[in-house]
Amino acid sequence: MFGSMLGLGYTCLAAAGGLWTLGLARFMFPNILTEPPSRFKVGFPSDFALGKVEEKFKAQFGVWIVNTEYNGQPEICAIRTVCTHLGCTPNWLEAEQKFKCPCHGSGFYKDGINFEGPAPRPLERYAISLADDGQLEVDKSKLFFEEMGQWVDPQSFYTG
Amino acid sequence: MHGNHEVFLSRIQMGLGFYYLILCILNWSAALMAWRSGIRPLFKLGGLTVSNLALWMLLGAWFLILAPIAMMGSPPELPEAVKHLINSLSGPVTLTVGSLAGMAFLFLFRNWWTKPAVAWVLLNLAMFGMGLAVTDANFFEIVGKPDNVPIVGLVFLLGFFTWVATYRAVINDDRRRQGLPPMEKVDDEKVLVWPDLVYTEMICMVAVTALMLVWALALPAPLEEPASSVKTPNPSKAPWYFLGLQEMLVYYDPWYAGVVLPSIVVFGLMAIPFLDFNKGGNGYYTIEERKFSYIVFQIGFFELWIVLIILGTFLRGPNWNFFGPFEYWDAHKVLAQNNVDLSQYFWGGLLERGMPKAPAGSSAGTEILYILWRESPGIILTLGYLLLLPPIMAVTVFRSFYAKMGLVRYMLMANLLLLMASLPLKMVLRWTVNLKYIISIPEYFLNF
């Protein structure tokens, strides 16, 4: 069997298949740079009034800074602007006081908890902390999931 | 829409006038055909017998009168009360129940509505209704959007092909009752590929190319704003042929509605030849010999594909809310839709206690057990639906099917049917009791 033309053929086939698989695996890791700095400053805690959703960082950083009550205590948190259903960008509707996704109608309360439409999980939080100069700093490299009980992590919010 | 109605009417007056003119020409062509191929009495009105020739002439004259009126900018319009009625009726529940009732009507009265004269009157009514409805600015904006024009065409094409197939099936079923072979067996004269078929194809090709050219010139492709990763258009719609899928995604998790269910549809369609034991209808139209297949197909294709596309195209507006066809697309329309999981209903509503939750700091295994315990009502319900129902159906409604198909083929068919039914069931549950997920395990992205 080994050494025969058939064996040689299958060996070549297996080798080609292996190389192709490796190539495919390489394809999963494209040559890209992950854009904007994963850490950026958003301003002083006093800039964010209680009950307000700050939208000005949405376009550049994909984050809402929200100062709202969660579990009875006011917190400032950085909510990621990606719907947990299929990844569209929801809109903040000031009049209705909710985030609403235009793709399949998922709705989220101001604190990011899902309540309508198909979204299965609350919106995700980025890490937020106070920098040395007294400004709030968002760290996009860390994510916190409510359904995993991670919103009690002190890194996921800032209380004055 | 709060814009000036007269300005809007002046914008569409010429188009609408020509639309009525075309309807007039269509009806008079039908009259000409009736005159040539034999005038038949249709019905009696008092002592007067109305023939098809007279009716088509009258209808044509009616549209001929409407044409100049529309061109002068004062076309007949739907009363506001009717618009409000249609708006309030076009919720998801009415739409589904209505389309099911419509299908039942089409099935039960197929001998009546497939009569050419009846079908022609129905077509006239639909076209006239369209002419009335486009005088509403909100309706025109949705229907006249270049993206949506093909879907309006699709609705009429679907009507036409449904009519052709049902008409021929009715004739064949009639002949079968008289002991005659189907029309296709009688009219089976062989024709040559060259020149008959190739010529037909070439003429079709030229005609379709001409149509596409005119279409492309008359209705330019709509361009949207530049793409941005932080701003999603509102509403954000898939291409029209995917709007059924997008509608499914409203009710299910992405992995199920976007991957599993479409795959089941594809594999289920591939399985049909192996599941089908009915030899009737091979090469000819029939309904009576294939009632089960016919009804399943109509529900799967018409109800779960076409109706969902129409719903997604015309009735879904900003924030993916429901809007009536004559309703202004208000991005701030408030709809209360608090969706609740089955487990929340069970533990919170029924047992009036908190959801089972693993104590803080417990191991992953314990957490999974707690999650399974929390979702047990939904899991039991789903397993019962997929494992218990097929045997029950085998000894009740599908007794003869089971005898003919054997265990494996029957189980396959029963499960495919149940999975197909899971979509409308879930939709109805969402609309009526605001059910979000039957099994909800967001911790592991598993929701059903």
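Look up: the structure comes first, before these words.
On a predicted model such as this, the values are computed, not experimentally measured, just so you know. (Residues numbered from 1 in each chain as written. Chains lettered and ligands numbered in written order. Predicted model: local features only at pLDDT ≥ 70, side-chain atom pairs only at ≥ 80, totals over all residues. Heavy atoms only, no water.)

**Notes on the overall build of chain A**
Along the backbone of chain A there are two helices and 10 strands. Element order for chain A, N to C, with α for helix and β for strand: α-β-β-α-β-β-β-β-β-β-β-β. Against the compact-globule benchmark of 15 Å for 160 residues, chain A has a radius of gyration of 23 Å, which places it well outside the compact range. When its C-alpha atoms are laid out on the principal axes, chain A stretches across 80 × 40 × 30 Å. Classification of the 160 residues of chain A by burial places 48% in the buried group. In chain A, once contacts between residues fewer than 6 apart in sequence are set aside, the share between residues at least 24 apart is 45%. For chain A, the centre of its 14 positive side-chain charges and the centre of its 18 negative side-chain charges are spaced 5 Å apart. (Helix = DSSP H or I, 4+ residues; strand = E, 2+ residues; numbered from the N terminus. Rg over C-alpha atoms; globule rule 2.2 N^0.38 Å. Buried < 20%, exposed > 50% of the residue type's maximum accessible area, 1.4 Å probe, protein only. Contact = heavy atoms within 4.5 Å. Lys, Arg positive; Asp, Glu negative; His and termini not counted. Charge placed at Lys NZ, Arg CZ, Asp CG, Glu CD.)

**Here's the deal with the state of the cysteines**
Residue and element names in this part refer to chain A. Taken as a whole and judged by the stated rule, the model has one disulfide over all chains. A disulfide bridge connects Cys 88 with Cys 103, and the sulfur atoms are separated by 2.0 Å. In this structure the cystine formed by Cys 88 and Cys 103 twists about its S-S bond by roughly -90°; its chirality is therefore left-handed. With Cys 88 in the loop between strand S4 (73–80) and strand S5 (91–93) and Cys 103 in the loop between strand S6 (98–100) and strand S7 (107–108), the pair connects residues that are 15 residues apart, well separated along the chain. Across the pair, Cys 103 and Cys 88 agree in class, each one buried. (Disulfide = S-S within 2.5 Å.)

**What about the packing of aromatic side chains?**
Scanning the model with the defined rule gives 37 aromatic pairs over all chains in all. When the centroid spacing of 3.8 Å and the interplanar angle of 10° are considered together, the rings of Phe 40 of chain A and Phe 61 of chain A count as stacked. Taken together, the residues Phe 40 of chain A in strand S1 (residues 39–43) and Phe 61 of chain A in helix H2 (residues 58–61) connect sequence positions 21 residues apart. Summarising the burial analysis for this pair, Phe 40 of chain A and Phe 61 of chain A share the class buried. Here the aromatic cluster, defined as three or more aromatic residues joined through ring pairs, consists of Phe 277, Phe 292, Phe 398, Phe 401, Tyr 402 and Tyr 410 of chain B. Over the face of the ring belonging to Trp 151 of chain A we find Arg 125 of chain A, whose NZ or CZ atom lies 4.0 Å from the ring centre. Taking NZ or CZ as reference, Arg 110 of chain B lies 4.9 Å from the ring centre of Phe 107 of chain B, over its face. (Phe/Tyr/Trp six-rings, centres within 6.5 Å; stacked < 30°, edge-to-face > 60°. Lys NZ or Arg CZ within 6 Å of the ring centre and 35° of its normal.)

**Topic: the interface of chain B and chain A**
Where the parts come together, the accessible area they lose is often given as the size of the interface. Contact with chain B, which involves 32 residues of that partner, is made by 28 residues of chain A. Both sides of the chain B and chain A interface together cover about 2,300 Å² of buried area, and 50% of this is carbon and sulfur. Considering only the surface of chain B that becomes buried against chain A, Val 230, Thr 232 and Asn 319 of chain B emerge as the three largest contributors, covering 24% of it. Remark: the boundary between chain B and chain A carries zero salt bridges. (Buried area = accessible area lost by both parts, 1.4 Å probe. Salt bridge = Lys/Arg side-chain N within 4 Å of Asp/Glu carboxyl O.)

**A few points about the nonpolar core**
Tyr 20, Phe 63, Phe 139, Phe 314 and Leu 423 of chain B are the most contacted members of the largest nonpolar core, which has 53 residues in total. Among the elements that make up this core, the one with the highest residue count is helix H1 (residues 5–37) of chain B (seven residues). Once residues lying within four places of it in the same chain are set aside, the contact partners of Tyr 20 of chain B are Phe 63, Leu 66, Ala 67, Ala 70, Pro 76, Phe 128, Gly 131 and Leu 132 of chain B. The next biggest cluster of nonpolar side chains, apart from the first, holds 15 residues, and it includes Val 53, Cys 83, Phe 99 and Leu 123 of chain A. (Core = buried A, V, L, I, M, F, W, Y, C linked by side-chain atoms within 4.5 Å.)

**So, the pattern of salt bridges**
This model, assessed by the stated rule, comprises 21 salt bridges over all chains. Here Glu 116 of chain A ties to Lys 98 of chain A by a salt bridge, and the two come within 3.0 Å at their closest N and O atoms. Placement of the pair is Glu 116 of chain A in strand S8 (residues 114–116) and Lys 98 of chain A in strand S6, with a sequence separation of 18 residues. Judged by relative accessible area, Lys 98 of chain A falls into the buried class, the value being 8%. A salt bridge links Arg 110 of chain B to Glu 288 of chain B; the shortest N-O distance between them is 3.2 Å. Linking Arg 110 of chain B in helix H5 (residues 110–113) with Glu 288 of chain B in the loop between helix H12 (254–275) and helix H13 (291–314), this pair joins segments that are 178 residues apart in sequence. The class for Arg 110 of chain B is buried, based on a relative accessible area of 9%.

**Notes on the packing of helix H16 (residues 376–395) of chain B against helix H17 (residues 399–433) of chain B**
Residue and element names in this part refer to chain B. Their axes nearest at 9 Å, the elements H16 and H17 cross at an angle of 135°. As summarised for this structure, H16 and H17 are arranged oblique, according to the angle between their axes. You can see that H16 and H17 cross each other, and the crossing is right-handed. Side by side, H16 and H17 meet where Tyr 385, Leu 386, Leu 389, Pro 390, Met 393, Ala 394 and Val 395 of the first sit next to Arg 399, Tyr 402, Tyr 410, Met 411, Ala 414, Asn 415, Leu 418, Leu 419, Ala 421, Ser 422 and Leu 425 of the second. (Axes fitted to C-alpha atoms, helices over the stretch in contact; angles between N-to-C directions. Parallel < 35°, antiparallel > 145°, perpendicular 65-115°, else oblique. Left-handed = near helix turned anticlockwise from the far one by under 90°.)

**Overview of unusual backbone geometry**
Residues and elements named next belong to chain B. With an omega of 10°, the peptide bond running from Trp 194 to Pro 195 counts as cis. Examined against the element boundaries, Pro 195 turns out to sit in helix H10 (residues 193–218). A cis amide bond, omega -5°, links Asn 234 with the succeeding residue Pro 235. For Pro 235, the position within the fold is in the loop between H10 and helix H11 (243–251).

**Examining the sheet that holds strand S3 (residues 63–70) of chain A**
Residues and elements named next belong to chain A. The sheet built from six strands is open, its strands ordered S1-S10-S9-S4-S3-S2 with antiparallel pairing. Every other strand in the sheet has two partners, leaving S1 and strand S2 (52–54) as the edge strands with one partner each. Each adjacent strand pair in this sheet contributes to an overall mean axis angle of 35°, direction not counted. Relative to S3, S2 runs antiparallel, the two being bridged by three bridges. Bridge pairing links Glu 54 to Ile 65 in S3. (Pairing = 2+ DSSP bridges.)

**With respect to the side chain of Thr 135 of chain B**
Residue and element names in this part refer to chain B. Its place among the elements puts Thr 135 in the loop between helix H6 (116–133) and helix H7 (137–143). A polar contact is formed between the side chain of Thr 135 and the backbone oxygen of Leu 132, at a distance of 2.6 Å. When residues no more than four places from it in sequence are discounted, the contact partners of Thr 135 are His 5, Phe 8, Leu 9, Ile 12, Leu 16, Pro 75, Pro 76, Glu 77 and Leu 78. (Polar contact = N/O pair within 3.5 Å; in protein donor to acceptor, adjacent residues only side chain to side chain.)

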